[in-house]
Amino acid sequence: MKLALAAVKQDFEFEQVEYSTMKAHPDQYPFGQCPRLVDGDIDLVQSNAILRYLARHYKLYGKDEKEMGLVDMIMEGVESLRVKYLALVYQEKLADAAMDQHWSTHCDPNNSEQRNGGAHLVFFSRLLQRNAAGAGKVFVGAGLTMADLCVFDIVDLHNRIFPDKMKEVYPELLAFHDHVAALPGIKEYLASPKRVAAVNGNNLG
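Model, not experiment: these values are computed from the prediction.

Colleague: Would you mind going over the packing of aromatic side chains with me for this structure?
Modeller: Centre distance and the angle of the planes are the two values used to describe a pair of aromatic rings. Under the defined criterion, the tally for this structure stands at 4 aromatic pairs. Residues Trp103 and Tyr170 carry aromatic rings whose centres are separated by 6.4 Å and whose planes lie at 65 degrees to one another, so their mutual orientation is edge-to-face. Note that Trp103 is positioned in helix 5 (residues 96–106) and Tyr170 in the loop between helix 8 (163–169) and helix 9 (171–181), a separation of 67 residues in sequence. Judged by relative accessible area, Tyr170 falls into the buried class, the value being 1%. Taken together, the aromatic side chains of Trp103, Phe162 and Tyr170 make up a single cluster linked through ring pairs. Positioned above the aromatic ring of Phe14 is the side chain of Lys2, whose terminal nitrogen or guanidinium carbon lies 4.3 Å from the ring centre. A cation over an aromatic ring shows up here: Lys194 above the ring of Phe12, its NZ or CZ 4.5 Å from the ring centre.

Here you go:
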């Protein structure tokens, strides 16, 4: 969410909300959790609802229905992999055996044809290379979309815990990641205090 606002150079205020506050105010947090976006009379929770609102509002959804469909498809693919990543972080707490299993099932290209719940990094590598108009820099069409920001995030999360393997196996995804990280607005955000150092609530990852 913050990455998208940074990409369009839209200033924002970030507020850390206590868990008890979320539970005590169902009118503001109808699902009892963050994130929450307040933009004028727009008041939304649920991550993907917020991301899609921002994509529509700031023209990060592609140029036509075809591109919008592809953006949605890639966002859902990211969500499938994010669920596996969150289980690794919060349930398995990055235990060595769990890390090995996650890489084998959801990252190792040699195992991509095995059952993985539709969650595998190699799928994003293929999609990036398939989009000729993007020249390895964007996933849909020729311009930045919310799909790129979502993939950037999931690649960044995996690069934090598998830096050597990512560099060896997915240089094209890291090159894409570096390109997005250097974009005006995003570059400044990533270097600012607005980007929290701890990407997960349990300080792992």
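Colleague: Just checking my understanding: could you explain the domain arrangement of the chain for this structure?
Modeller: In many reports, interface size means the accessible area that the parts give up when they come together. For the chain, the assigned domains are domain 1 (1–59) and domain 2 (65–189). With centres defined by C-alpha atoms, the gap from domain 1 to domain 2 works out at 23 Å. Contacts between domain 1 and domain 2 engage 12 residues on the former and 13 residues on the latter. At the junction of domain 1 with domain 2, the criterion picks out 2 salt bridges. For Arg52, the salt bridge is made with Glu76, and the minimal N-O distance between the two is 3.0 Å. In this assembly, domain 1 and domain 2 are joined by 3 residue pairs in polar contact (both at pLDDT 80 or more). Of all the secondary-structure elements, those providing two or more residues to the side of domain 1 that touches domain 2 are helix 1 (2–7) and helix 3 (47–57). For the side of domain 1 that touches domain 2, the per-class residue count stands at 8 nonpolar, 1 polar and 3 charged.

Parameters at a glance
Residues numbered from 1 in each chain as written. Predicted model: local features only at pLDDT ≥ 70, side-chain atom pairs only at ≥ 80, totals over all residues. Heavy atoms only, no water. Phe/Tyr/Trp six-rings, centres within 6.5 Å; stacked < 30°, edge-to-face > 60°. Helix = DSSP H or I, 4+ residues; strand = E, 2+ residues; numbered from the N terminus. Buried < 20%, exposed > 50% of the residue type's maximum accessible area, 1.4 Å probe, protein only. Lys NZ or Arg CZ within 6 Å of the ring centre and 35° of its normal. Domains from an automatic or database assignment. Contact = heavy atoms within 4.5 Å. Salt bridge = Lys/Arg side-chain N within 4 Å of Asp/Glu carboxyl O. Polar contact = N/O pair within 3.5 Å; in protein donor to acceptor, adjacent residues only side chain to side chain. Nonpolar A, V, L, I, M, F, W, Y, C, P; charged D, E, K, R; others polar.

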